[in-house]
Amino acid sequence: MTRAAVTLARSRHGRWWSALSVAVSLAVLAVLAGGVSDASTLIDRIPIGIHLAALGCVLLSLLVRALRLTHIGRSCGQRVRPSCGARAHLWAEALAAVTPARTGGDPARVWVLHRDGVPPVSGAALVAGEVVGDLMVVIALALTLAVISPAVRIVSLLAAAFASVIVLTLLVASAIRRRTARDRVPRPLARLGVSRRRWRGLRLQGLKFRRTLRLVRRAPVPAQLLTLALSSLNVGARLAILPVLALPLAADYSLLRLVAWPLLFLYPGAALPFPGGGGVIEMGFAASLAADFGADELAVVLVWWRFYTHHLLAATGALAIGVSALKRRARARAAWRPDISLTSPTGRSGARRIARV
């Protein structure tokens, strides 16, 4: 079997796996929503004002992430438009929803930035700066919750441990790249067929990545404080969706539980090896927060919380990808459109020349 055939088979297998996992996630959500005594309850129990507030949290998170990417790019000499940052995050949400452990999200951001003129290695450094900013806020918030409330201490410590492992992994990977900075190809890579020329190219790309990441890390203190403030707004907007939805459903809910559990679902839960969580997040939500809501209320808040934190962004990102593809196709057709001014007076094309746009 040729390499192209193997790649095609793997891509087909990945598509089927992604489709199966997303279908399982939607099926679990439908089963949990089936506990609602009346289908109209999903709409009637949440006032329109609450929906607008939850939608405002989603839009605020998207706007803050776009501005943060622009700010981080400016701090290291890269021009990133806010519209490009918003488009990058929408594409990332769409591809992360159908890839295991959301592995398609960060490459999508790098790809959109590359289309806007940012080199791939620099785009990867900007995305890494974003991730570190969010994880630092997660660690600080999780440790604060663990100190304040013993009831959510275990959950908060799990979220803090996950974020700490990711940050330490980035540091260790950077240290390993420094130690292996030599012309001789490492033995494991040589067994995989990596040539010395390819290894030198990888070293060069790694050097550019570290230089850009160093610029992000060594940004002036006011710039770092602004990045931290934007990251705090982003994390806060995402975590505020569940308490906002719970306002008309439960009068005696625990606010700390409604913050700590989504912190665990939205960040460590993103590392689950299933696209969209594969139903694990839905089942964990129903099991962990059942004491805060009744049967109908739990299904209602779960359905709308997953809609605003996952399905809405994934659908909007897929729409953005489709619109971009249609625009590219329209531009390609316009680039080879016959020039009407070159036709003869009888209406027939004389030279049949093509105008280049």
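Report follows, based on the coordinates. Note that the structure is a prediction, hence the values are computed from the model and not measured.

1. Let's talk about the overall build of the protein chain
Across its full length, the protein chain carries 14 helices and zero strands. The 357 residues of the protein chain split such that 43% are buried.

2. Quick word on helix α14 (residues 295–335)
The first and last C-alpha atoms of α14 sit 58 Å apart over 41 residues, in line with the 60 Å expected at 1.5 Å per residue. When the local axis directions of α14 are compared, the greatest deviation, roughly 50 degrees, occurs at Phe307.

3. Quick word on helix α12 (residues 255–266)
The terminal C-alpha atoms of α12, which comprises twelve residues, lie 17 Å apart, in line with the 16 Å expected from a rise of 1.5 Å per residue. Listed as buried for α12 are Arg257, Leu258, Val259, Ala260, Trp261, Pro262, Leu263, Leu264, Phe265 and Leu266.

4. Here's the deal with the nonpolar core
Ranked by size, the top nonpolar core spans 48 residues in total, and within it Ile241, Leu245, Phe285, Phe293, Trp305 and Tyr308 carry the most contacts. Mapped onto this core, the elements with two or more residues apiece are α3 (48–75), α6 (120–148), α7 (153–179), α10 (221–239), α11 (241–246), α12, α13 (280–288) and α14. Broken down by element, the residue count for this core peaks at nine residues, all from α14. Setting aside its immediate chain neighbours within four residues, Tyr308 contacts His51, Ala54, Leu55, Val58, Ile241, Leu245 and Leu313. Counting 19 residues, the second-largest nonpolar core is a separate cluster that includes Val80, Val110, Val112 and Leu113.

5. Some thoughts on empty space enclosed by the protein
It is the rolling of a water-molecule-sized probe over the atoms that shows where space remains empty. As enumerated under the stated definition, the model contains one cavity of 30 Å³ or more in all. Of the pockets and cavities examined, the largest cavity occupies roughly 80 Å³. Around the largest cavity, the lining residues are Cys57, Val58, Ser61, Arg65, Ala237, Arg238, Ile241, Tyr308, Thr309 and Leu313. Of the residues forming the lining of the largest cavity, the biggest block, four residues, is contributed by α3. Residues of the lining of the largest cavity, tallied by class, amount to six nonpolar, two polar and two charged.

6. Notes on the pattern of salt bridges
A complete count under the given rule lists seven salt bridges for this structure. The salt bridge partner of Asp116 is Arg81, with a shortest N-O separation of 2.5 Å. Note that Asp116 is positioned in the loop between α5 (105–115) and α6 and Arg81 in the loop between α3 and α4 (82–96), a separation of 35 residues in sequence. On the basis of relative accessibility, which here comes to 33%, the residue Arg81 falls in the partly exposed class. Here the salt bridges share partners, and the residues they tie into one network are Arg65, Glu93 and Arg102.

7. Structural notes on the side chain of Thr70
Mapped onto the elements, Thr70 comes out in helix α3. Those residues within four positions of Thr70 in sequence are excluded, and the remaining contacts are Val80, Arg81 and Pro82.

8. With respect to the environment of Ala318
Relative to the elements of secondary structure, Ala318 occurs in helix α14. Ala318 sits 221 residues away from Ala97 along the chain, and the two C-alpha atoms are 9.8 Å apart.

9. Considerations on the environment of Arg87
Looking at the element boundaries, Arg87 is found in helix α4. Take Arg87: its relative accessible area is 28%, and that puts it in the partly exposed class. Taking the C-alpha atoms as reference points, Arg87 and Ile321, 234 residues apart in sequence, are found 8.8 Å from one another. Discounting residues that sit within four places of it in the chain, Arg87 has contacts with Arg81, Val112 and Asp116.

10. What about a nonpolar patch on the surface?
Together, Ile48, Leu52, Leu55 and Leu59 line one region of the surface with nonpolar side chains, adding up to about 400 Å² of accessible area. Among the structural elements, Leu52 can be located in helix α3.

11. Regarding the packing of α3 against α4
Contact geometry for α3 and α4: axes closest at 8 Å, N-to-C directions at 120 degrees. In terms of orientation, α3 and α4 fall into the oblique class. The interaxial crossing formed by α3 with α4 has right-handed handedness. For the pair formed by α3 and α4, the contact residues are Leu62, Arg65, Ala66, Leu67, Leu69 and Thr70 on the first element and Pro82, Gly85, Ala86, His89, Leu90 and Glu93 on the second. The residue inventory of the contact of α3 with α4, partitioned by class, reads seven nonpolar, three polar and two charged.

12. A few points about the packing of aromatic side chains
Per the counting criterion, the structure on display carries seven aromatic pairs. Residues Phe265 and Phe285 carry aromatic rings whose centres are separated by 6.3 Å and whose planes lie at 40 degrees to one another, so their mutual orientation is tilted. Of the two residues, Phe265 sits in helix α12 while Phe285 sits in helix α13, which places them 20 residues apart along the sequence. Since its relative accessible area comes to 0%, Phe285 is described here as buried. Ring pairs connect the aromatic residues Trp261, Phe265, Phe285 and Trp305, which therefore count as one cluster.

13. Some points on the environment of Ala96
Mapped onto the secondary structure, Ala96 falls in helix α4. On the basis of relative accessibility, which here comes to 1%, the residue Ala96 falls in the buried class. It is 8.6 Å that separates the C-alpha atoms of Ala96 and Ala108, two residues lying twelve residues apart in sequence. Once residues within four sequence positions are removed from consideration, Ala96 is found in contact with Arg102, Gly104 and Gly105.

The rules we used
- Residues numbered from 1 in each chain as written.
- Predicted model: local features only at pLDDT ≥ 70, side-chain atom pairs only at ≥ 80, totals over all residues.
- Heavy atoms only, no water.
- Helix = DSSP H or I, 4+ residues; strand = E, 2+ residues; numbered from the N terminus.
- Buried < 20%, exposed > 50% of the residue type's maximum accessible area, 1.4 Å probe, protein only.
- Expected span 1.5 Å × (residues − 1).
- Bend = angle between axes of the 7 residues up to and from the residue.
- Core = buried A, V, L, I, M, F, W, Y, C linked by side-chain atoms within 4.5 Å.
- Contact = heavy atoms within 4.5 Å.
- 1 Å grid on protein atoms, 1.4 Å probe; cavity = no way out; pocket = protein on both sides within 12 Å on 5 of 7 lines; lining within 4 Å.
- Points joined across faces, edges and corners; volume = space filled by probe spheres on them.
- Nonpolar A, V, L, I, M, F, W, Y, C, P; charged D, E, K, R; others polar.
- Salt bridge = Lys/Arg side-chain N within 4 Å of Asp/Glu carboxyl O.
- Patch = residues over 30% accessible without salt bridge, like charges linked within 9 Å, V, L, I, M, F, W, Y side chains within 5 Å.
- Areas by Shrake-Rupley, 256 points an atom, 1.4 Å probe, with all protein chains shown as cover.
- Axes fitted to C-alpha atoms, helices over the stretch in contact; angles between N-to-C directions.
- Parallel < 35°, antiparallel > 145°, perpendicular 65-115°, else oblique.
- Left-handed = near helix turned anticlockwise from the far one by under 90°.
- Phe/Tyr/Trp six-rings, centres within 6.5 Å; stacked < 30°, edge-to-face > 60°.

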